[in-house]
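Secondary and tertiary structure notes
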Amino acid sequence: MFKDEKEFKHFVDKLNINTKSNSAHREKLKKQMLSAFEETSQKQNPGQQKPDLWRTIMKSPITKLAAAATIIIAIFTGMYFIGNPFGATITFAEALKPIINAQIVEFDIFIGDEETGLKIHDIAKGSRIRRTVEAVNQTTIIDFETLKLLTLEHKSKTAVVIDMKNLQDVPENYFNRLRDLVSELEIDPNFVVEDLGQLEIDGRQAVGFIATSPKMEVVLWADIKTAQPIRIEQRGQQMNAICKNFNFDVQMDDSFFSLDIPEDYRPVELQMDFTPGTEEEFIEGLRIRAEYINDGFFPEDISIEYFIRNTDIFGRKLDRLEVSDAEKLAISMNVQRHLMFIRFFEGQGKWFYAGMGVKLGDADKAIFWYKPKDSQTWRVIFGDLSAKDVTEGNLPEPEQSDWQKKYLEASKQWEEIAFTGTEIDKWHITAPDEIVAYSNITLTKIPQDTNVMYIRLPYTSAVLEKVTLNDEEIQFEKIIEDRYELELPIERQSINSSKIECVWSMPLETLKTDVGGYRTKLQGLIPVESFEISTVLEQGCGFNNSLDPSQTQVMYFKANETFKVSDSASCGLMIKKVN
């Protein structure tokens, strides 16, 4: 269908993509997309066979997004070893000598933190880097001299070659670039260095320094005897990264860094647009992330680090969208351009994001603002994705509001699995076409010294009506549409004895229709170890069991092993309207 991504981008550019959330526009986009695909298909040489990988990419656009994210996030990470002379005994330049003078340097990069962050293993030699990512069955070779990137996907035996000719600020040589950075920053008057003293790091006595510049902060720990770097922490607006486990001048053959494609691998060439994204492309990405990925709300964070940590979630949700493969690929391309705006930000100073928990369409809340290059005013983007120029004196406050802090804390509970339990749901189908759900939770894990528990209803249209703890009513507060804060007195908490019942309701039409009934997502109100759901057909509700009309109560799902909310599973409810 397409020779490469450039050809695909050509027909996508023909689409008049609006940045507003508009159902009519989305339908128009769909028709234009399909029409453009048909037009391109007719122009293609009928005897030309397209590579099988296109089918893979079309079915799983996240494959392409993951490749793009790996490049734009980590390609420069190891080169941010910036510094100035440190102290009288060991200088930063001395600590960098093993890296600068090495023929080969091997090290690990952790995006975020060491426990939960993405782990990347890099081996650098001259202009080339050999990269592997933990839990990803592929190997990537990056060549800064030819501006080519080769990714070998071992499971599918596919070799993806990516042209990086429009990638910004590419060094010709990994080590020369590092040497230039040190020289530049040694004379930078805005670069400040402080001594952190001595500390044992990874079993070695180390001396530490913290260096700050307007855009980032770097902490370096070096071996007090050899001056070799042990640990380098980079902290910036885009991401936090940790470099450690350095190994120098390991003997490796040149073939280890070869761009030659193995004979048993299928080659596919792609071009990717790494030029800085525009404001319009950034806004379109915000719309996609809210509408398709985040249940109608803007994400907690838009940094590159946050995206790479959640790429798998994005991929699963994208794969489940009920749109064509062409539209999925277009969505992934739009998100890539959205990321380019952040990765190669060209404005003055910092950008500010306050969209966490804001609903798409909320015109009263500012979610992002920045000062364009050479501009006297700021650009502010609002929850309805409109944008306008604002003077500095009229900018919103960058600090999180109280409800945003509660939203963030509620989200962290799922990441940290603070409260855990078992859950049995009974969904009563009542007239007129409403679900009244009784979610009974028994706590099996309780964090210490907290009287607050957060729950998340499975749908934003659901409304929490009542909560009891061991049959006594307790107070709760709504944070946003699907998040609630429960007051859980510490003195009444007890593992396996704390029984919580949450009563909530929503229209039956919230659920997707399915063959023989409806389909619902399977989601506990908190992270649960077991989950069960059944329906109860109330008398006069106007529905019956489509499999056995004589049954008014049916269990549809039961999992006795650990059931994770992030699995985003679903099941059918076999009920239908009585004629």
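Preceding this paragraph is the structure being described.
1. Re the sheet that holds strand β19 (residues 452–456)
- Taken in spatial order, the 3 strands make up an open sheet running β19-β23-β22, and their pairing is antiparallel. The open sheet terminates on both sides in strands that have one partner only, identified here as β19 and β22 (476–480). Strand-to-strand, the axes of this sheet are offset by a mean angle of 25°, without reference to chain direction.
- As defined by bridge partners, β22 adjoins strand β23 (residues 483–487) across 4 bridges and the pair is classed as antiparallel. For F476, the partnering residue across the bridge sits in β23 and is L486.

2. Comments concerning the sheet that holds strand β25 (residues 512–514)
- Taken in spatial order, the 3 strands of this open sheet run β25-β26-β30, and their pairing is antiparallel. The open sheet is flanked by β25 and β30 (569–573), the only strands paired with a single partner. Adjacent strand axes in the sheet meet at a mean angle of 40°, parallel and antiparallel pairs treated alike.
- Bridge count for β25 against strand β26 (residues 517–522) is 3 bridges, and the pairing is antiparallel. In the strand pairing of β26, K512 is matched with R519.

3. A word on the packing of helix α7 (residues 279–293) against helix α10 (residues 325–343)
- One can describe the packing of α7 onto α10 by two numbers: an axis separation of 8 Å at closest approach and a directional angle of 125°. Relative to α10, the element α7 lies oblique. For the crossing formed where α7 meets α10, the hand is left-handed. Every residue of α10 that contacts α7 at E279, E281, F282, E284, G285, L286, I288, R289 and Y292 is listed here: I331, N334, V335, R337, H338, F341 and I342.

4. Notes on the packing of aromatic side chains
- Enumeration over the complete set of coordinates arrives at 16 aromatic pairs.
- Consider the rings of F531 and F557, whose centres lie 6.3 Å apart with planes at 50°: the pair is tilted. Here the residue F531 occupies a position in strand β27 (residues 528–537), and F557 occupies one in strand β29 (residues 553–559), the gap between them amounting to 26 residues.
- Members of the aromatic cluster, joined through ring pairs, are F282, F341, F345, W351, F368 and Y370.
- Looking at R130, its charged tip hangs above the ring of F256, at a distance of 3.7 Å from the centre.
- The ring of Y459 carries K521 above its face, with NZ or CZ at 4.9 Å from the centroid.

Criteria and thresholds
- Residues numbered from 1 in each chain as written.
- Predicted model: local features only at pLDDT ≥ 70, side-chain atom pairs only at ≥ 80, totals over all residues.
- Heavy atoms only, no water.
- Pairing = 2+ DSSP bridges.
- Helix = DSSP H or I, 4+ residues; strand = E, 2+ residues; numbered from the N terminus.
- Axes fitted to C-alpha atoms, helices over the stretch in contact; angles between N-to-C directions.
- Parallel < 35°, antiparallel > 145°, perpendicular 65-115°, else oblique.
- Left-handed = near helix turned anticlockwise from the far one by under 90°.
- Contact = heavy atoms within 4.5 Å.
- Phe/Tyr/Trp six-rings, centres within 6.5 Å; stacked < 30°, edge-to-face > 60°.
- Lys NZ or Arg CZ within 6 Å of the ring centre and 35° of its normal.

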